[in-house]
Amino acid sequence: MAVTCTHCATVNPDGNTICMSCGMPLGPVPVDAAASNPSASAPDLPGVALPVLDEPLAVPAGTSSSPPVQASPTNETNYLPPGYVPGASPYLAAPASGAAPLHRTGGLSVIAIVGVISIVFGGAGAIAAAVRTGATTPPSGVAAPANVPPNTGSGGSTTQTSTNGGITTTPFAKVFVPPGFSINDQGSDYIVLTPDNDDNGAVGLQSEPLTSTKTNAELDQDLLAGDQQNGDPSAKFCTTKAPTHTQLIGSDGAITADVISICENVTPTGGPAYAAVDGFIDAVATTSTGSLEAIWVEIFAPTNDYQSFSNSVPSTLFTQTTFSNAAPTT
Amino acid sequence: MTCDHCGKQVPDAVFCTNCGAHQGLADHGIAAQERPHHFAAHPGEHVAQPSIFTTLFPHLGQRKLQEFRWALLLGFALVVVLTATGLITAAVLVSVFLVPTLYVVYLYEAEVYRKEPALVLGATLGGGIVLGIAVTIISERVIGGSLGSTGLPIVSYGVILPVIQLIVMPIPALLLRVLPQFGSTIDGLVFGVTAGLGFALAEGLVGYWSILTYPPLQPVSADWIYPITSLALLIPLLHGSTAGAVAATLWRPSRTGSGRWIALFGVPIVLVAVVAFYAGGLILDNHGVGQLIVLFYQTALALLVVLYIRQLVHHSLLEEGLGQEYRPIVCPYCHHHVMAAGFCPSCGVALSASPRRETGLLTAPVGAQAEPEGQ
């Protein structure tokens, strides 16, 4: 037997417990519910609005674009949601004006917030860099340790003072910055240290993967070739004697290294050429996976200052610096 | 009408508002009930679609998702510009804060924390930051010291440390599980992601502290673009998704249906993905494989975790949406004004994966409508 909804007068098939049109319970209307919502007793409500869509409808593929959605109650037959006005439409009416906005962050505020945060942090980082370097924009160009020119006094810049010395962690090594030295430049595989009170020398540390098997002697030749290609084609080893040896500290053991020096002429941009010595303590190391990498410490200074400068580099730089993932070759 | 699957009397619509099943496909059996083509948090997507945003920002509707995508894109574009111009310190700072900031805005937009913003943010984001600082500093000292000299850096950096991180990161989120109002799996996911992002933020700050305090003078931008891309996007994605996955998995120990079986694989999947991410990345790097390929490899592993999260969240939402009270809502996904219980009868989105503010929009005054869970 068909059942007529007491709210909207829709005739429902037998067995329905809720109205298929308005979703109200079928059967006697609870007194409380009817009293709390006078309009519920109207058989048809003119002026019930269609839903207001404030953005394009996104309906999953394969579904109807306008499904007949109807209200449905819970098992509590007297449940009548506050604000719910049943009507002829399968949808509920749009919320009354003054209702809470759909989103807490309006318009493009998300983008604005992230933009402001980015600018604030980016600006802070830029200012910090500018304060430390004395320039708002770092100079461009490659600054690999093999080509580090000495600071020239007025144009030179010192990044920070390391009065007491300390370890700085880089992706390729834990580098001990000796007292009186500062980090002048740094990359993912190199770092350059300069003395605070001497503009004419620099110390660089670097790690570089090798694509083929090499000995320390072959690495010496590669470093010489690098200086010849990048600076002075006439660069050569300062002595014809065989290299002496020392050790570099790898994370997986001490590694025997060659000590070599390359004599070259350096021509700085806008400045006079001068003779310089590029000293290397270099070694071929093996990583935990068996691949090879070149590691070295480079000491650079004009020829006249080289001896005194290299003597000023404390041995702690070598004893307390550890190259990561580096072991002696077998 | 009577739902094909749960047998309840529900409004005649495409989806059952009680159980979320796709209606009119009774002969499709489990496929109609579990509706894999309609991810419960975003019905326009397949559950197996590796969409990062709709997985880790599950409460957002379509339009807001686009805003968040644009915000991340613009933020990352700024990072690239800063890197290219040599402002490495600025690029690192923006990278570290970009995704966590975006997520805090998301938490505010979705009101995931209900009435406890300070508690939730303090516990998850703050807790993640504190643990991130502690773990990163301690691991630097321990692995950089004793473990580093064992000859097994891949084991220490690729296995031991990631496993420790994986154990520690979700802890702040899991502490919130004791609160009855945060009972659904999606709460665990969001809180876990927040804790993971806090951890990533701290790890980035500690790890790049030397760059922040000693800005490089003459950086080569090409050297920095991959590490900074990883810092800005990949590490937050990894930490956020893994912490979120673990928290969501452990959030509800007792599950039913497919969610129970999926959850069993959760921790193993995340563990394998994390170890493969770090150890595999180190091995590839040591063999001279290009950084771009390593980046793709690691991204693929992070997406594996995302896919697991989608499966878990989808089945959890279908399970947890059962038996909810009816209430008038504006569906946050299709924006229909409907009377619904656990799922929008029009588009099928699980309403527990919707901003609280939106699901209660039509119920005035605010607070008159009881929240579904915790009752």
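Parameters at a glance
- Residues numbered from 1 in each chain as written.
- Chains lettered and ligands numbered in written order.
- Predicted model: local features only at pLDDT ≥ 70, side-chain atom pairs only at ≥ 80, totals over all residues.
- Helix = DSSP H or I, 4+ residues; strand = E, 2+ residues; numbered from the N terminus.
- Buried ≥ 20, exposed ≤ 12 C-beta atoms within 10 Å, placed from the backbone.
- Contact = placed C-beta atoms within 7 Å.
- Expected span 1.5 Å × (residues − 1).
- Core = buried A, V, L, I, M, F, W, Y, C linked by C-beta atoms within 7 Å.
- Domains from an automatic or database assignment.
- Pairing = 2+ DSSP bridges.
- Axes fitted to C-alpha atoms, helices over the stretch in contact; angles between N-to-C directions.
- Nonpolar A, V, L, I, M, F, W, Y, C, P; charged D, E, K, R; others polar.
- pLDDT = per-residue confidence, 0-100.
- Parallel < 35°, antiparallel > 145°, perpendicular 65-115°, else oblique.

1. Some remarks on the overall build of chain A
Link 1 in the chain: Across its full length, chain A carries five helices and 14 strands.
Link 2 in the chain: When burial is assessed residue by residue, chain A has 40% of its 330 residues classed as buried.

2. Describing the overall build of chain B
Link 1 in the chain: For chain B, the count of helices and strands is 14 helices and two strands.
Link 2 in the chain: With 375 residues in all, chain B has 59% of them scored as buried.
Link 3 in the chain: Contacts in chain B between residues at least 24 apart in sequence constitute 70% of all its contacts with a sequence separation of at least 6.

3. Some words on the environment of Ile88 of chain B
Link 1 in the chain: Structurally, Ile88 of chain B is set in helix 4 (residues 88–110).
Link 2 in the chain: Judged by C-beta crowding, with 28 C-beta atoms within 10 Å, Ile88 of chain B ranks as buried.

4. Observations regarding helix 3 (residues 62–84) of chain B
Link 1 in the chain: Under the 1.5 Å per step criterion, the end-to-end length of helix 3 of chain B is 33 Å for 23 residues, consistent within 8% with the ideal 33 Å.
Link 2 in the chain: Within helix 3 of chain B the residues assigned to the buried category are Lys64, Glu67, Phe68, Ala71, Leu72, Gly75, Leu78, Val79, Leu82 and Thr83 of chain B.

5. A few points about the nonpolar core
Link 1 in the chain: Ranked by size, the top nonpolar core spans 122 residues in total, and within it Val92, Val94, Leu102, Cys344 and Val349 of chain B carry the most contacts.
Link 2 in the chain: For this core, the leading source of residues is helix 4 of chain B, giving 16 residues.
Link 3 in the chain: Three or more residues apiece are contributed to this core by two domains, here domain 1 (1–35 + 326–375) and domain 2 (52–320) of chain B.
Link 4 in the chain: Leave out the neighbours within four places in its chain, and Cys344 of chain B touches Phe15, Cys331, Tyr333, Cys334, Val338, Val349 and Leu351 of chain B.
Link 5 in the chain: Counting 42 residues, the second-largest nonpolar core is a separate cluster that includes Leu219, Ala257, Val297 and Phe323 of chain A.

6. A short note on the pairing of strand 3 (residues 166–169) of chain A
All names here are of chain A.
Link 1 in the chain: Here strand 3 pairs with strand 4 (residues 173–177) via four bridges, running antiparallel. Within the sheet, the bridge partner assigned to Thr168 lies in strand 4 and is Val175.
Link 2 in the chain: In this antiparallel pair of consecutive strands, strand 3 and strand 4, the connection spans three residues.

7. Observations regarding the environment of Glu67 of chain B
Link 1 in the chain: Note that Glu67 of chain B resides in helix 3.
Link 2 in the chain: Residue classification places Glu67 of chain B among the buried positions, given that 21 C-beta atoms sit within 10 Å.
Link 3 in the chain: With residues near it in sequence (within four places) discarded, Glu67 of chain B still touches Leu108, Val110 and Ile111 of chain A.

8. Notes on the pairing of strand 6 (residues 190–195) of chain A
All names here are of chain A.
Link 1 in the chain: Counting buried residues along strand 6, six of its six residues qualify, which places the element largely inside the surrounding structure.
Link 2 in the chain: The alternating pattern of strand 6 places Tyr190, Val192 and Thr194 and Ile191, Leu193 and Pro195 on opposite faces, both of which are buried.
Link 3 in the chain: Bridge analysis of strand 5 (residues 181–186) against strand 6 gives five bridges, and the strand direction is antiparallel. Each residue of the ladder has a partner; that of Phe181, found in strand 6, is Pro195.
Link 4 in the chain: Between strand 5 and the antiparallel strand that follows it, strand 6, lie three residues.

9. Here's the deal with the environment of Glu293 of chain A
Residue and element names in this part refer to chain A.
Link 1 in the chain: With respect to the helices, strands and loops of the structure, Glu293 is situated in strand 12 (residues 292–302).
Link 2 in the chain: Taking the C-alpha atoms as reference points, Glu293 and Thr211, separated by 82 residues in sequence, lie 8.3 Å from one another.
Link 3 in the chain: Dropping the residues within four chain positions of it, Glu293 is found in contact with Ser207, Glu208, Pro209, Leu210, Ala285, Thr287 and Ala326.

10. Observations concerning the packing of helix 8 (residues 185–207) of chain B against helix 13 (residues 291–320) of chain B
Residues and elements named next belong to chain B.
Link 1 in the chain: Running from amino to carboxyl end, helix 8 crosses helix 13 at an angle of 145 degrees, the nearest separation of the two axes being 9 Å. Seen from helix 8, the contacting residues are Thr185, Ile186 and Leu189; seen from helix 13, they are Ile309, Leu312, Val313, Ser316, Leu317 and Glu320.
Link 2 in the chain: Looking at the contact of helix 8 with helix 13, its residues break down into six nonpolar, two polar and one charged.

11. Re helix 4 of chain B
All names here are of chain B.
Link 1 in the chain: Relative to the 33 Å expected for 23 residues at 1.5 Å per residue, helix 4 spans 33 Å between its end C-alpha atoms, a close match to the ideal helical length.
Link 2 in the chain: Most of helix 4 is tucked away, with 21 of its 23 residues classed as buried.
Link 3 in the chain: Trailing helix 4 by a residue or two, Glu111 shows a phi angle of about 50 degrees, which is positive.

12. Here's the deal with unusual backbone geometry
Link 1 in the chain: Positive phi, normally seen in glycine, also occurs at Asn325 of chain A, with a value near 50 degrees.
Link 2 in the chain: Looking at the secondary structure, you find Asn325 of chain A in the loop between strand 13 (322–323) and strand 14 (327–328).
Link 3 in the chain: Phi at Arg35 of chain B takes a positive value of approximately 40 degrees, unusual for a residue other than glycine.
Link 4 in the chain: Residue placement: Arg35 of chain B occurs in the loop between helix 1 (30–34) and helix 2 (52–56).
Link 5 in the chain: When the 24 C-beta atoms within 10 Å are taken as the criterion, Arg35 of chain B is described as buried.

13. Remarks on the confidence of the model for chain A
Residue and element names in this part refer to chain A.
Link 1 in the chain: Looking at chain A as a whole, the pLDDT averages 67, with 59% of positions reaching at least 70.
Link 2 in the chain: Counting interchain partners and residues more than four positions distant, the pLDDT-below-50 stretch residues 29–90 has 126 contacts.
Link 3 in the chain: For residues 134–163, every residue scores under 50 in pLDDT, and the model assigns this stretch 74 contacts once sequence neighbours within four places are set aside.

14. Focus on the confidence of the model for chain B
For residues with low pLDDT, the predicted coordinates do not support detailed interpretation.
Residues and elements named next belong to chain B.
Link 1 in the chain: Across chain B, the average pLDDT comes to 83, with 86% of residues at 70 or higher.
Link 2 in the chain: Across residues 361–375, where pLDDT falls below 50, the model places 38 contacts with residues more than four positions away in sequence or in other chains.
Link 3 in the chain: For this predicted complex, the interface score ipTM comes out at 0.71, while the overall pTM is 0.64.

15. Some thoughts on the packing of helix 3 of chain B against helix 4 of chain B
Residue and element names in this part refer to chain B.
Link 1 in the chain: Two elements in contact, helix 3 and helix 4, have axes whose closest approach is 8 Å; the angle formed by their N-to-C orientations is 170 degrees. Viewed along their axes, helix 3 and helix 4 adopt a mutual orientation that is roughly antiparallel. The segment helix 3 lies against helix 4, with Lys64, Phe68, Ala71, Leu72, Gly75, Phe76, Leu78, Val79, Leu82 and Thr83 engaging Ile88, Ala90, Ala91, Val94, Ser95, Leu98, Leu102, Tyr106 and Glu109.
Link 2 in the chain: When grouped by side-chain class, the residues that make up the contact of helix 3 with helix 4 number 14 nonpolar, three polar and two charged.

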